[in-house]
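# A structural walkthrough
What follows is each chain in one-letter form.
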Amino acid sequence: MTIWTTIFLLLGGVAGGLLSSIASMASLASYPVLLAVGIPPVFANVTNDAALIWTSIGSTVSSTKELKGHWEQVWFYTIFTVVGSIIGCMLLLSFPSSVFEKAVPFFIAFSGIMIIVSGKHHSLNTKKQPTWLKIIYFIALLIMGAYTGYFGAAGGVIVLVLLTYITNERFIVINAIKNVICGFANLVALNIFIFTSHIYWLQAIPLAIGMFIGGYIGPAILRRVPEKPIRIFIATLAFVQAGYFFYKAYLH
């Protein structure tokens, strides 16, 4: 690699880390960067996952204030996403992700709608929710872990929505919890893909450094920006990504 390729990957990582820690949309920046430096699509997806772990590390270090007193919740929710991620990786090894591609655009668009709708939820008291509804939410977390291991696009957005309905915490706290539990789901997927696929480590390293930086900066930005514009920003990116996957699945 040339020095310019390294810088390109580093800057792409910073952008991806910011998008991931703020909007769960790292792939909008990092995946095209990996394609641009010549990595085939299948391996770009896996290499992106290897670097993405460092976004979660950066955002976790930066979010210690928001996570204080919430680690019991974090570990409990992580169980569901990690088990789901293992299931998703097993499915991916058995069935190629192409079988799911036609449904993904609608799934992502739905996540964009829900991130706006869920912003009006905090007038409700989650402690008064019936047990059956809570069970549904936790099963949905399990499914989202599987989705992260199987395909992953905009999975963090849905996890963010689910956590909004599970807990009454502030948006910045929910986002910090999301970054941690999605990070563990990605870590599990990475450990499986290390033995079943090929990772371009030389390209992954500068991308990972950039993602750590972006992941660290993201929570600081969230502390200074009102929740509503952030939700609109996330929804807009979700619709953009839904349009991209719709084009690939139906028009390309």
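Structure: see above.
Values in this document were obtained by computation on a predicted structure and should not be read as measured data. (Residues numbered from 1 in each chain as written. Predicted model: local features only at pLDDT ≥ 70, side-chain atom pairs only at ≥ 80, totals over all residues. Heavy atoms only, no water.)

## A few points about a nonpolar patch on the surface
On the surface, Trp54, Ile57, Val61, Ile205, Ile209, Ile213, Tyr216, Ile217, Ile221 and Val225 cluster together to form a nonpolar patch covering roughly 820 Å² of accessible area. Sorting the residues of the nonpolar patch by element identifies α3 (41-62) and α10 (201-222) as the ones contributing at least two each. For the nonpolar patch, the leading source of residues is α10, giving 6 residues. Within the secondary structure layout, Ile205 lies in helix α10. (Patch = residues over 30% accessible without salt bridge, like charges linked within 9 Å, V, L, I, M, F, W, Y side chains within 5 Å. Areas by Shrake-Rupley, 256 points an atom, 1.4 Å probe, with all protein chains shown as cover. Salt bridge = Lys/Arg side-chain N within 4 Å of Asp/Glu carboxyl O. Helix = DSSP H or I, 4+ residues; strand = E, 2+ residues; numbered from the N terminus.)

## Re the side chain of Thr55
If you trace the backbone, Thr55 turns up in helix α3. Once residues within four sequence positions are removed from consideration, Thr55 is found in contact with Gly17, Ser20, Ser21, Met211, Phe212 and Gly215. (Contact = heavy atoms within 4.5 Å.)

## Quick look at the nonpolar core
If you look at the biggest cluster of nonpolar residues, it comprises 44 residues, and the most contacted ones within it are Tyr77, Ile108, Ile177 and Ile234. If you list the elements that add at least two residues to this core, you get α1 (3-23), α5 (71-94), α6 (104-117), α7 (131-150), α8 (155-166), α9 (171-196) and α11 (227-251). Apart from the residues lying within four places of it in its own chain, the contact partners of Tyr77 are Phe138, Leu141, Leu163, Ile166, Thr167, Ile177 and Ile181. Listed in part, the 12 residues of the second largest apolar core include Tyr31, Val33, Ala44 and Leu52. (Core = buried A, V, L, I, M, F, W, Y, C linked by side-chain atoms within 4.5 Å. Buried < 20%, exposed > 50% of the residue type's maximum accessible area, 1.4 Å probe, protein only.)

## Points about the packing of aromatic side chains
Applying the stated rule across the entire model yields 13 aromatic pairs. Aromatic pair Phe76 and Phe80: ring centres 5.3 Å apart, planes at 75°, arrangement edge-to-face. With Phe76 and Phe80 both in helix α5 and 4 residues apart, the pair spans about one turn of that helix. Assessed through its relative accessible area of 39%, Phe76 is described here as partly exposed. Between the aromatic rings of Tyr137 and Tyr165, the centroid separation amounts to 6.0 Å while the plane-to-plane angle is 35°, which identifies the pairing as tilted. One end of the pair, Tyr137, is in helix α7; the other, Tyr165, is in helix α8, and 28 residues separate them in sequence. Assigned by exposure class, Tyr137 and Tyr165 land together as buried. (Phe/Tyr/Trp six-rings, centres within 6.5 Å; stacked < 30°, edge-to-face > 60°.)

## Things to note about the pattern of salt bridges
Summed over the entire model, instances satisfying the criterion amount to 2 salt bridges. The shortest N-O distance in the salt bridge between Glu66 and Arg223 comes to 2.8 Å. Residue Glu66 is located in helix α4 (residues 64-67), and its partner Arg223 is located in the loop between α10 and α11; the two are separated by 157 residues in the primary sequence. The partner of Arg231 in a salt bridge is Glu227, with the nearest N and O atoms 2.7 Å apart. In this pair, Arg231 and Glu227 both sit in helix α11, 4 residues apart, roughly one turn of the helix.

## Considerations on the environment of Asn175
Looking at where Asn175 falls in the secondary structure, it is placed in helix α9. On a C-alpha basis, the gap between Asn175 and Ile217 in space is 14 Å, while along the polypeptide they are 42 residues apart. Non-local contacts of Asn175, meaning those with residues more than four positions away in its chain, are made with Ser21, Ile22, Leu160 and Leu222.

## Points about α1
Between the first and last C-alpha of α1 there are 29 Å, a value that for 21 residues agrees with the 30 Å anticipated at 1.5 Å per step. For α1, every residue scored as buried is listed here: Leu9, Gly12, Gly13, Gly16, Gly17, Leu19, Ser20, Ser21, Ile22 and Ala23. Taken together, the buried residues of α1 touch α2 (27-36), α3, α8, α9, α10 and α11. Looking one or two places after α1, you find Ser24, whose phi comes out positive at around 60°. (Expected span 1.5 Å × (residues − 1).)

## A closer look at the environment of Leu222
Mapped onto the elements of the fold, Leu222 is located in helix α10. Between the C-alpha atoms of Leu222 and Leu190, which are 32 residues apart in sequence, the distance is 28 Å. When sequence neighbours within four positions are dropped, the list of residues in contact with Leu222 reads Ser21, Ile22, Phe171, Ile172, Asn175 and Ile230.

Coordinates in, geometry out; function isn't part of it.
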